[in-house]
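# Results of the structural survey
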Amino acid sequence: MSDNKTIPYKIYLNENEIPSKWYNVRSDMKNKPAPLVNPGTGQPMGFDDLRPVFCDELIKQELDNDTPYFDIPQEIRDFYKMYRPSPLVRAYCLEEALGTPAKIYYKFEGNNTSGSHKLNSAIAQAYYAKKQGLRGITTETGAGQWGTALSMACAYLGLDLKVFMVKVSYEQKPFRREVMRTYGASVTPSPSMDTKIGKKINAEHPGTTGSLGCAISEAVEVATTNEGYRYVLGSVLNQVLLHQSIIGLETKAALDKYGIVPDMIIGCAGGGSNLGGLIAPFMGEKLRGEKDYRIIAVEPASCPSFTRGKYAYDFCDTGMVCPLAKMYTLGSNFIPSANHAGGLRYHGMSPILSQLYADGFMEARSVEQTSVFEAATQFARTEGILPAPESSHAIRAAIDEALLCKETGEEKTIVFGLTGTGYFDLVAYQKYNDGEMTDYIPTDEDLEKSLALLPNIG
Ligand SMILES: *Cc1c(COP(=O)(O)O)cnc(C)c1O
């Protein structure tokens, strides 16, 4: 090792170094992300329009493009202390296995029962719902990480939680379901017969195994038709990126302790919340012209919103009950191929990241799932952690960049987000280990079909 391991394997902050404020990257953006608009009128949605669906304080955060820092309430900071600060790990063992001169660091967010970074926003959203005096909240979950995180947060605060879980996951991931139920959440397979939209979708597509977009519609319907309930979402929204900025702020504080300046920051991108959070303070410096970093979003080739999608207003859900968001999208009807096992299957992307990408402040690339699981396996065997398939997209790109450094001899510093663990994804690992995993890349025709149905707005 060129630096003789003067940098520890794990850089931990002290408990009192957990950031006390979230950073709002929008405050430093010259081109602000486009506003949510009403699908009926095409008009931007303000505070009063969003109140039936979302919690008041969260709407304020959603709409605030200017305030740079938001105080993290003490109750949330106390909860963070149960599993934060998360370690920034120097991947010495992986570097050695690769024989690369690159220095690789990863920020590990999987050290809590939900197994991912989603808890950072779950506790914040549940807290503001509780503070508003609500009885409960509703949400959707796909693979189950978000539902699990939220069930932990709601149990802690004594808040009711109704989760609509995509039917295929409900059936294939019974253990995730039981974790949520153990924390006191009610879990309903979606589409269900409990909502108008669920009944409609079941009638139109008998035997359907559901989708995220459909589960969102059901959760919103239940929130807006039950007194004392609101709907919460685990990714995509501006407020979620704000809460997730804790990841980037901690990362930066840890790097600063040792005077380390990264050359590139890499993250997987589903709806954009972990990446948006990880890069926030670095992007801030870049936007203010203080420093420059390469920032790389990595997405699955089977659900390539950034690399092959269109930057346009689109529906966030299948039932078309949510506001429209301007984002890189594959069309709300796009459903990734059934053989896609690696998560990150949402059709759209965070409006903040979409604007930053459109303005050239970040790069994006797509990777195929067999190569993702190859990287996951190499990482598990060298660094010890069994990574979530989602996180492994970032691992793939980090390894590729490190191998490039090996060719050129450059000692670049790479930081990537390791968003979670893969204990509930062992069916996907089994497929890979049995040599049964295949790659599917949608054709241009597939994409044209779903993009043709984009709403005709701005
Ligand atoms: C949900 C999830 C993601 C993707 O969501 P983003 O909003 O894009 O961060 C990535 N990794 C893990 C482990 C997740 O649970």
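Everything numeric in this text was worked out from a predicted model, so none of it was measured. (Residues numbered from 1 in each chain as written. Predicted model: local features only at pLDDT ≥ 70, side-chain atom pairs only at ≥ 80, totals over all residues. Heavy atoms only, no water.)

### Some remarks on the pattern of salt bridges
Applying the stated criterion across every chain, the model contains 28 salt bridges. One salt bridge connects lysine 21 with aspartate 71, and the closest N-O pair in it is separated by 2.7 Å. Placement of lysine 21 in strand E2 (residues 21-23) and of aspartate 71 in strand E3 (residues 69-71) is noted, with a sequence separation of 50 residues between them. In this structure aspartate 71 comes out as exposed when scored by relative accessible area, which is 54%. Each of Arg84, Lys107, Glu109 and Glu250 takes part in one network of salt bridges that share partners. (Salt bridge = Lys/Arg side-chain N within 4 Å of Asp/Glu carboxyl O. Helix = DSSP H or I, 4+ residues; strand = E, 2+ residues; numbered from the N terminus. Buried < 20%, exposed > 50% of the residue type's maximum accessible area, 1.4 Å probe, protein only.)

### Side note on the environment of alanine 122
As for its placement among the helices and strands, alanine 122 is situated in helix H5 (residues 119-131). Spatially, the C-alpha atoms of alanine 122 and cysteine 55 are 13 Å apart, while their sequence positions differ by 67 residues. Look past the residues within four positions of alanine 122 in its chain and what remains in contact with it is Trp146, Ala149, Leu150 and Ala153. (Contact = heavy atoms within 4.5 Å.)

### Quick word on the domain arrangement of the protein
In terms of domains, the protein is made up of domain 1 (2-20 + 72-115 + 238-451) and domain 2 (36-53 + 118-231). Taking only C-alpha atoms into account, the centre of domain 1 sits 24 Å from that of domain 2. Of the roughly 2900 Å² buried at the junction of domain 1 and domain 2 (both faces included), carbon and sulfur atoms supply 67%. Secondary-structure elements contributing two or more residues to the side of domain 1 that touches domain 2 are helix H3 (74-83), helix H11 (238-257), strand E12 (310-315) and strand E13 (324-329). Classifying every residue of the side of domain 1 that touches domain 2 gives 21 nonpolar, eight polar and six charged. (Domains from an automatic or database assignment. Buried area = accessible area lost by both parts, 1.4 Å probe. Nonpolar A, V, L, I, M, F, W, Y, C, P; charged D, E, K, R; others polar.)

### Section: the packing of H5 against H11
Relative to each other, H5 and H11 sit at 125°, their axes nearing to 8 Å. Compared by their axis directions, H5 and H11 come out oblique. The two elements H5 and H11 meet at a crossing, and its hand is right-handed. Where H5 approaches H11, its residues Asn120, Ser121, Ala124 and Gln125 are matched on the opposing element by Gln239, Val240, His243, Gln244, Ile246 and Ile247. (Axes fitted to C-alpha atoms, helices over the stretch in contact; angles between N-to-C directions. Parallel < 35°, antiparallel > 145°, perpendicular 65-115°, else oblique. Left-handed = near helix turned anticlockwise from the far one by under 90°.)

### Considering the sheet that holds strand E1 (residues 10-11)
Strand order across the open sheet formed by seven strands is E1-E4-E5-E15-E10-E11-E14, with mixed pairing between neighbours. The open sheet has two free edges, formed respectively by E1 and strand E14 (363-367), since each of these has just one partner strand. The sheet contact formed by strand E10 (residues 264-268) and strand E11 (residues 294-300) spans five bridges and is parallel. The partner of methionine 264 across the bridge, within E11, is arginine 294. The strands touched by helix H15 (residues 369-383) are strand E4 (88-90), strand E5 (103-108), E14 and strand E15 (413-418); relative to E14, the strand with the most contacts, the crossing angle is about 95°. (Pairing = 2+ DSSP bridges.)

### Considering helix H10 (residues 212-225)
Between its terminal C-alpha atoms H10 stretches 20 Å, which fits the 20 Å expected from 14 residues at 1.5 Å a residue. Buried residues dominate H10, accounting for 11 of its 14 residues. Three or more residues of H10 are buried, namely Gly213, Cys214, Ala215, Ile216, Ser217, Glu218, Ala219, Val220, Glu221, Val222 and Ala223. Those residues of H10 that are buried are in contact with strand E6 (136-141), strand E7 (160-166), strand E8 (186-190), helix H9 (196-204) and strand E9 (229-231). (Expected span 1.5 Å × (residues − 1).)

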